[in-house]
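The chain contents come next:
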Amino acid sequence: MRSANEAILVIDMQNDFCPGGALAVAGGDEIVAPINALVPDYQVRVFTQDWHPADHKSFASQHSADPYSTVEMPYGTQVLWPDHCIIGTEGAAFHKGLNADEADLIIRKGFRRDIDSYSAFFENDHTTPTGLDGYLRTRGVDKIAIVGLATDFCVNFSAVDAAKLGFDVTVIESLCRAIDLDGSLAAAKAGMTEAGVRFA
Ligand code: VGL
Ligand code: ZN
């Protein structure tokens, strides 16, 4: 058992990010069983769920644009995604093999139509908080292990924000899978390293 100041953060282990889903990440389902095996080692367990309204502005369909193209939003450049993780749909549900009953807290993010939220801590304007920082601090956490999907987007943004907030952060790379759009994985790893994130 890990000590009480260490949390595990399980990012977006949802059907739409697994093979067969709307925004499938290659091998996303391979990490379900090893994540289930790891979670019980931690006394503080937070899972996240990407959770978008059907007309979310991160969807290419809302811009008559091609998926994976980009658009300028008030908060910066936004990749436009296929419609995914729509609130209440099967695509937004956790992978059926994931032991989500083990979660102490489930953070939903990306529920505001006009702003995307990759990070478990802040929306993509880097200022609107999800409340997770306060939750972890009030539970006495100062060290976080991160696993899940996708390495180069939601894991990356969560890890960098956590490090900037002063947490000691380790990304367990073998329990993550990447989208890897135009070098995004290499860029994400460089950014995480720069922010002081460790890899295990
Ligand atoms: C994610 C793209 C869009 C992720 C979420 O979980 O990494 N990526 N929404
Ligand atoms: Zn999303």
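Residue positions are given per chain, counting from 1 as you read along its sequence in written order. In the order they appear in the text, chains get letters beginning with A and ligands get numbers beginning with 1. Totals for whole chains, interfaces and linings use every residue, but because this is a predicted model, local features are given only for residues with pLDDT of at least 70 and side-chain atom pairs only at 80 or more, for both listing and counting. Computation of side-chain values: all heavy atoms of the structure, hydrogens and water removed.

Chemist: What exactly am I supposed to notice about the site of ligand 1 here?
Modeler: Around ligand 1 sit Asp12, Phe17, Leu23, Asp50, Trp81, His84, Tyr118, Leu149, Ala150, Phe153, Cys154 and Ile179, and those are all the residues in its vicinity. Think of a polar contact as two N or O atoms within 3.5 Å of one another; within protein, one of them needs to be a possible hydrogen donor and the other a possible acceptor, and neighboring residues in sequence only count if both atoms come from side chains. Contact between ligand 1 and Asp12: an oxygen atom at 2.6 Å from a side-chain N or O atom of the residue. Between His84 and ligand 1, the recorded distance is 3.1 Å, taken from a side-chain N or O atom to a nitrogen atom. Residue exposure ignores everything except the shown protein chains as possible cover, and the areas themselves are Shrake-Rupley values with a 1.4 Å probe. Coverage of ligand 1 by the protein chains reaches 100% of its 260 Å² of free accessible surface. Each residue is assigned to one class: nonpolar for Ala, Val, Leu, Ile, Met, Phe, Trp, Tyr, Cys and Pro, charged for Asp, Glu, Lys and Arg, and polar for all the others, Gly among them. Of the residues in the shell around ligand 1, the class split is 9 nonpolar, 1 polar and 2 charged. Working definition: residue near molecule or strand if any one of its non-hydrogen atoms lies within 4 Å of it.

Chemist: Mind showing me how you'd approach the pattern of salt bridges here?
Modeler: Pairs may arise between side chains of opposite charge once their charged atoms sit close together. Each reported salt bridge corresponds to a side-chain nitrogen of Lys or Arg within 4 Å of a carboxyl oxygen of Asp or Glu. All chains considered together, the criterion is met by 12 salt bridges. For the salt bridge of Asp12 with Lys109, the shortest nitrogen-to-oxygen distance reads 2.9 Å. With a gap of 97 residues between them, Asp12 in the loop between strand S1 (6-11) and helix H1 (32-38) and Lys109 in strand S5 (residues 105-109) connect regions that are remote in the sequence. Accessibility classification places Asp12 together with Lys109 in one group, the buried group. Residue Arg177 pairs with Glu30 through a salt bridge whose shortest N-O separation is 2.7 Å. Where helices and strands are cited, they refer to DSSP runs of H or I of at least four residues and of E of at least two residues respectively, numbered from the N terminus. Using a 1.4 Å probe on the protein chains alone, a residue whose accessible area is under 20% of its type maximum counts as buried, one over 50% counts as exposed, and one in between counts as partly exposed.

Chemist: Would you mind showing me how to read helix H4 (residues 184-194) here?
Modeler: The periodicity of an α-helix, 3.6 residues per turn, causes residues three or four places apart in sequence to face the same way. Buried within H4 we find Ser184, Ala188 and Met192. One side of H4 carries all its buried residues, which in axial view fall inside an arc of 65 degrees. Of the residues in H4, the exposed ones pointing more than 90 degrees away from the buried face are Ala186, Ala187 and Glu194. The elements touched by buried residues of H4 are helix H3 (151-164), strand S7 (168-177) and strand S8 (198-199). Directly beyond the C-terminal end of H4, a positive phi value near 95 degrees is found at Gly196. The directions from the helix axis to the C-beta atoms are what the arc is built from. Here, two residues are considered to be in contact whenever any of their heavy atoms come within 4.5 Å of each other.

Chemist: Is there a simple way to explain the coordination of the zinc ion (ligand 2) in this structure?
Modeler: When a metal carries six donors in an octahedron, the ideal angles between them are 90 or 180 degrees, while four donors in a tetrahedron ideally lie at 109.5 degrees. Metal sites are built from N, O and S donor atoms within 2.8 Å, or 3.2 Å for Na, K and Ca, and they leave out water, so they may look incomplete. Taken together, Asp50 (OD), His52 (NE2) and His84 (NE2) make up the full set of protein donors to the zinc ion (ligand 2), lying 2.0 to 2.2 Å away. Angles of 87 to 168 degrees at the metal separate the 4 donor atoms of the zinc ion (ligand 2), which places the site in the irregular class. Between the donor residues of the zinc ion (ligand 2), the gaps in sequence give the motif D-x1-H-x31-H. Separated by 32 residues along the polypeptide, His52 in the loop between strand S2 (44-50) and strand S3 (70-73) and His84 in the loop between strand S4 (76-79) and S5 bring together distant segments of the chain. The rule is simple: four donors are tetrahedral if all their angles sit between 85 and 135 degrees, four are square planar and six octahedral if opposite donors span more than 155 degrees and the others lie between 65 and 115, and anything that fits none of that is irregular.

Chemist: Sorry, what's going on with the sheet that holds S1 here?
Modeler: Sheet strands associate in pairs through backbone hydrogen bonding, adopting either a parallel or an antiparallel arrangement. The strand order across the open sheet built from 6 strands is S5-S2-S1-S6-S7-S8, with neighbouring strands paired in parallel fashion. Bordering the open sheet on either side are S5 and S8, each of which pairs with just one other strand. Two elements, S1 and strand S6 (residues 143-149), share 6 bridges in a ladder whose sense is parallel. Across the sheet, residue Glu6 finds its bridge partner in S6, namely Lys143. Only C-alpha atoms enter the line fits that serve as axes; for helices the fit covers just the stretch in contact. Angles between N-to-C directions range over 0 to 180 degrees. Here H3 sits on the sheet and contacts S1, S5, S6 and S7; the angle it forms with S6, its principal contact strand, is near 170 degrees. Pairing between strands requires that DSSP locate at least two bridges from one strand to the other.

Chemist: What is the right way to look at unusual backbone geometry in this model?
Modeler: Excluding glycine, a negative phi dihedral is what most residues carry, and trans is how most peptide bonds are arranged. Residue Ala150 follows Leu149 across a cis peptide bond; omega there is -15 degrees. One can find Ala150 in the loop between S6 and H3. Its identity is not glycine, yet Asp12 carries a phi of approximately 50 degrees, on the positive side. A relative accessible area of 0% means that Asp12 is categorised as buried. We note that His126 has phi near 65 degrees; this positive angle belongs to a residue other than glycine.

Chemist: What's the story with the state of the cysteines in this structure? I'm lost.
Modeler: In a disulfide, the sulfur atoms of two cysteines are held together by a covalent bond. Here, the term disulfide refers to a pair of cysteine sulfur atoms separated by no more than 2.5 Å. As enumerated under the stated definition, the model contains 0 disulfides in all. There is no disulfide at Cys85, and the cysteine sulfur nearest it, in Cys154, is 8.7 Å away. Just so you know, Cys176 is unpaired, no disulfide at all, and the nearest cysteine sulfur is the one on Cys154, 11 Å from it. Cys176 sits in the buried class, given a relative accessible area of 3%.

Honestly, it's all geometry; don't read function into it.
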